[in-house]
Amino acid sequence: MSAKRIERDLARHAYDGVVERCARLNSFAGNLDKDLEFGDILSRQESLAVDDIIVLSISARRLVSVCGIDLARKDWRVRKRRLGFQDDKVCETALDEYINLGKLFGIIIHSEVLDIVDSDFSAVLKLDATLDTIGVMEWLHRNGQRFGYFKPKMVVRSDRSGFLMFNISDFVSCIDEFLLPEANDICQSGGLFLEDEYRF
């Protein structure tokens, strides 16, 4: 098998991995109706979304490499977010800070902490370092089942970065808007039509 054929196969495989994981994450991030009785479904959704983010980042990095895209020179960025606590409510702030998509792939792939926050409760449980177990129980007692859900956010920290948070939907949108069209154009100029499964 020639090297050119291997690259074509790698590009196709990486592209398919990126598209599949983007589709799954887009479904997860767009579903704010969390009115499910069985808690295992919600926790399994989060676990699958974390896996999808990791596989998406690996596949996207492979696609970037095969296509020869220099992400360091691209202005493809994801906006950072911050959650704060005020009067038992979670307040979201969109920061005027962004992270380069290529750097974000690396942080996710080499992450030490990778978690999803999608409700007041998960924010209190996972992010409020001032609360111990008793504090979390008191918060639950005060708020009962009244906590709200919001767009799922990924919280990530690697061995080379501090904690950062971003909307999963922003991450998927950046890949959809910038990376996939560029990879598709590059491959198409080489005779590989990624969007068409039947043209090689």
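> For the overall build of the chain, give the residues involved together with the corresponding values.
Across its full length, the chain holds six helices and five strands. Listed N to C, the secondary structure of the chain is α-α-β-β-α-β-α-α-β-β-α in terms of helices and strands. Within the chain, buried positions represent 42% of all 200 residues. For the chain, restricting intrachain contacts to residue pairs at least 6 apart in sequence, the fraction spanning at least 24 positions comes to 69%. For the chain, the exposed surface amounts to about 11400 Å²; the carbon and sulfur share of it is 49%.

> I'd like to hear about the packing of aromatic side chains, residue by residue, with values.
The description of an aromatic ring pair rests on the distance of the ring centres and on the angle between the ring planes. The final tally for this structure, using the stated rule, is three aromatic pairs. Considering the side-chain rings of Trp76 and Phe178, the 5.9 Å spacing of their centres and the 15 degrees angle between planes classify their relative orientation as stacked. On the criterion of sequence distance, the pair formed by Trp76 in the loop between helix H2 (39-67) and strand E1 (77-86) and Phe178 in helix H6 (residues 168-189) is long-range, its members being 102 residues apart. Judged by its relative accessible area of 7%, Trp76 is buried.

> Any chance you could break down the pairing of strand E5 (residues 164-167) for me, citing the residues and the numbers?
Neither face of E5 is open: one carries Leu164 and Phe166, the other Met165 and Asn167, and all of them are buried. Where strand E4 (residues 149-158) and E5 come together, four bridges link them in antiparallel fashion. Each residue of the ladder has a partner; that of Val156, found in E5, is Leu164. Between E4 and E5, which follow one another and run antiparallel, lie five residues.

> Any chance you could break down the nonpolar core for me, citing the residues and the numbers?
It is characteristic of soluble globular proteins that their nonpolar side chains tend to be buried jointly. If you look at the biggest cluster of nonpolar residues, it comprises 43 residues, and the most contacted ones within it are Leu101, Phe166, Ile168, Phe171, Ile175 and Leu179. Elements with a minimum of two residues in this core: helix H1 (3-30), H2, helix H3 (101-109), strand E3 (111-119), E4, E5 and H6. At nine residues, H6 tops the list of elements feeding residues into this core. If we skip the residues at most four places from it in the chain, Phe171 touches Ile53, Leu56, Ser57, Val78, Leu101, Leu104, Phe105, Ile108 and Phe166. Core analysis: the second largest hydrophobic core is formed by six residues, Leu83, Ala123, Phe150 and Met165 among them.

> Break down the packing of H3 against H6 for me, citing the residues and quoting the values.
Packing of H3 against H6 brings their axes to within 12 Å, and their N-to-C directions diverge by 130 degrees. The angle between H3 and H6 places the two elements in the oblique class. At the point where H3 passes H6, the crossing takes the left-handed sense. Judged by residue contacts, Leu101, Leu104, Phe105 and Ile108 of H3 engage Phe171, Cys174, Ile175 and Leu179 from H6. Here the residues of the contact of H3 with H6 are counted per class, giving eight nonpolar, no polar and no charged.

> I'd like a description of the sheet that holds E5, backed by residues and values.
With respect to topology, three strands assemble into an open sheet ordered E3-E4-E5, the strand pairing being antiparallel. Edge positions in the sheet fall to E3 and E5, since each has one partner strand and no second. Here the strands of the sheet are splayed against their neighbours by 25 degrees on average, with no regard to which way each runs. On top of the sheet, H6 reaches E3, E4 and E5; it is set at about 70 degrees to E5, its chief contact.

Each value, and the rule that gives it
- The residue numbers shown here count from 1 along each chain, following its written sequence.
- Where local features are concerned, this predicted model is filtered to residues with pLDDT of at least 70; where side-chain atom pairs are given and counted, the filter is 80 or more; whole-chain, interface and lining totals use all residues.
- Neither water nor hydrogens contribute to the side-chain values; these are computed over all heavy atoms in the structure.
- Only runs of H or I of at least four residues qualify as helices and only runs of E of at least two qualify as strands under DSSP, and these elements are numbered from the N terminus.
- Type-normalised accessible area, obtained with a 1.4 Å probe on protein chains alone, sets the label of each residue: buried when under 20%, exposed when over 50%, and partly exposed for intermediate values.
- Throughout, a residue-residue contact means that at least one pair of heavy atoms, one from each residue, lies within 4.5 Å.
- Accessible surface area values rest on a Shrake-Rupley calculation with a 1.4 Å probe, where residue burial reflects the displayed protein chains alone.
- In this scheme Phe, Tyr and Trp rings, the latter by its six-membered ring, pair at centre separations within 6.5 Å, and the angle between planes marks the pair as stacked below 30 degrees, edge-to-face above 60, and tilted otherwise.
- Strands are treated as partners if at least two bridges between them are detected by DSSP.
- As used in this record, nonpolar core signifies buried Ala, Val, Leu, Ile, Met, Phe, Trp, Tyr and Cys residues forming a set joined through side-chain atoms within 4.5 Å.
- To obtain an axis, a line is fitted to C-alpha atoms, over the contacting stretch when the element is a helix, and the angle between two such axes runs from 0 to 180 degrees between their N-to-C directions.
- Here roughly perpendicular refers to angles of 65 to 115 degrees, roughly parallel to angles under 35, roughly antiparallel to angles over 145, and oblique to all remaining angles.
- Rotating anticlockwise by less than a right angle from the far helix to the near helix defines a left-handed crossing, while the corresponding clockwise rotation defines a right-handed one.
- Note on residue categories: nonpolar means Ala, Val, Leu, Ile, Met, Phe, Trp, Tyr, Cys or Pro, charged means Asp, Glu, Lys or Arg, and polar means any other residue, Gly included.

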